[in-house]
Amino acid sequence: MPPNIGISQCEFPRAVLEVLREPLESGEIHIARAARRATFPARFQLVAAMNPCPCGHLGDPQQVCRCTPAQISQYRNRLSGPLLDRIDIQMEVPALPVSALQGATQGESSTYWRERVALAVECQWQRQRMRNAQLQGELLDRFCALDSAGTRLLSRATEALHLSARGYHRVLRVARSIADLEGSESILPQHLAEAVQYRRMAQSLAQ
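Because the structure is predicted, anything quoted here is derived from the model rather than measured.

A. Up close: the overall build of the chain. When helices and strands are tallied, the chain shows 11 helices and 4 strands. Oriented by its inertia axes, the alpha-carbon framework of the chain measures out at about 60 × 50 × 40 Å. Expressed as a percentage of the 207 residues in the chain, the buried residues total 30%. Contacts in the chain between residues at least 24 apart in sequence constitute 61% of all its contacts with a sequence separation of at least 6. On the chain, roughly 13,600 Å² of surface is accessible, and the fraction owed to carbon and sulfur atoms is 54%. The centroid of the 24 positive side-chain charges in the chain is displaced by 6 Å from the centroid of its 20 negative side-chain charges.

B. Molecular detail of the packing of aromatic side chains. For the coordinates displayed, the defined rule picks out 1 aromatic pair. On the basis of an interplanar angle of 80 degrees and a centroid distance of 5.6 Å, the ring pair of Tyr112 and Trp113 is categorised as edge-to-face.

C. Molecular detail of the pairing of strand E3 (residues 36–41). A small share of E3 lies buried, amounting to 0 of its 6 residues. Here strand E2 (residues 28–33) runs beside E3; their pairing, made up of 6 bridges, is antiparallel. Opposite His30, over in E3, you have Thr39 as the bridge partner. Hairpin remark: E2 followed by E3, antiparallel, with 2 residues in the connecting loop; positive phi at Ala34, about 55 degrees.

D. Examining the packing of helix H6 (residues 110–128) against helix H9 (residues 165–181) more closely. Packing of H6 against H9 brings their axes to within 8 Å, and their N-to-C directions diverge by 115 degrees. Relative to H9, the crossing made by H6 is right-handed. Contacts between H6 and H9 pair Trp113, Arg116, Val117, Ala120, Cys123, Gln124 and Arg127 from the former with Arg176, Ser177, Asp180 and Leu181 from the latter.

Rules used throughout
Residues numbered from 1 in each chain as written. Predicted model: local features only at pLDDT ≥ 70, side-chain atom pairs only at ≥ 80, totals over all residues. Heavy atoms only, no water. Helix = DSSP H or I, 4+ residues; strand = E, 2+ residues; numbered from the N terminus. Buried < 20%, exposed > 50% of the residue type's maximum accessible area, 1.4 Å probe, protein only. Contact = heavy atoms within 4.5 Å. Areas by Shrake-Rupley, 256 points an atom, 1.4 Å probe, with all protein chains shown as cover. Lys, Arg positive; Asp, Glu negative; His and termini not counted. Charge placed at Lys NZ, Arg CZ, Asp CG, Glu CD. Phe/Tyr/Trp six-rings, centres within 6.5 Å; stacked < 30°, edge-to-face > 60°. Pairing = 2+ DSSP bridges. Axes fitted to C-alpha atoms, helices over the stretch in contact; angles between N-to-C directions. Left-handed = near helix turned anticlockwise from the far one by under 90°.

Purely geometric stuff here, so don't read any function into it on its own.
Below, the structure written as structure tokens:
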């Protein structure tokens, strides 16, 4: 299992964040110094968070955002399109009202999800001898094949969200993982639709 790396993205300069692009894509990092060059393994799972603006209140109905458009733009521009394109799941999490916090009910336990994830990983290993995240080329086409409904859905999503080739393939891998968590042999339209929803944040940041 690769290590989890947690960061608060926009607290770092853009040049620092851009360094993540290479290991997120290849699982390796290349360092060149003078006449020498070295390659190190760097496969990890990135968990990152950011505020919607420097003060954190943009879009909050209970708090007034005092940031100027220029400040918001400068803050968000620390995240480049190519870096966001390499993040599989992107979600907006609104602030919860007090009533929701006080009325929170007991959710599914971490033990339950650990078992489900373990079963999904075992399924991937039995099917293709690797994790879904490692599927490339012919193997991606083979194990993430879609039916006609799924193909139409993904085609429409690609045009509407202006997905890159990388984004297109990442949606397929995430949809395959969602299907595995549900114990489905095939990627169904609902799995694909859920995976597409996880690519919407990049579009909102670009606006």
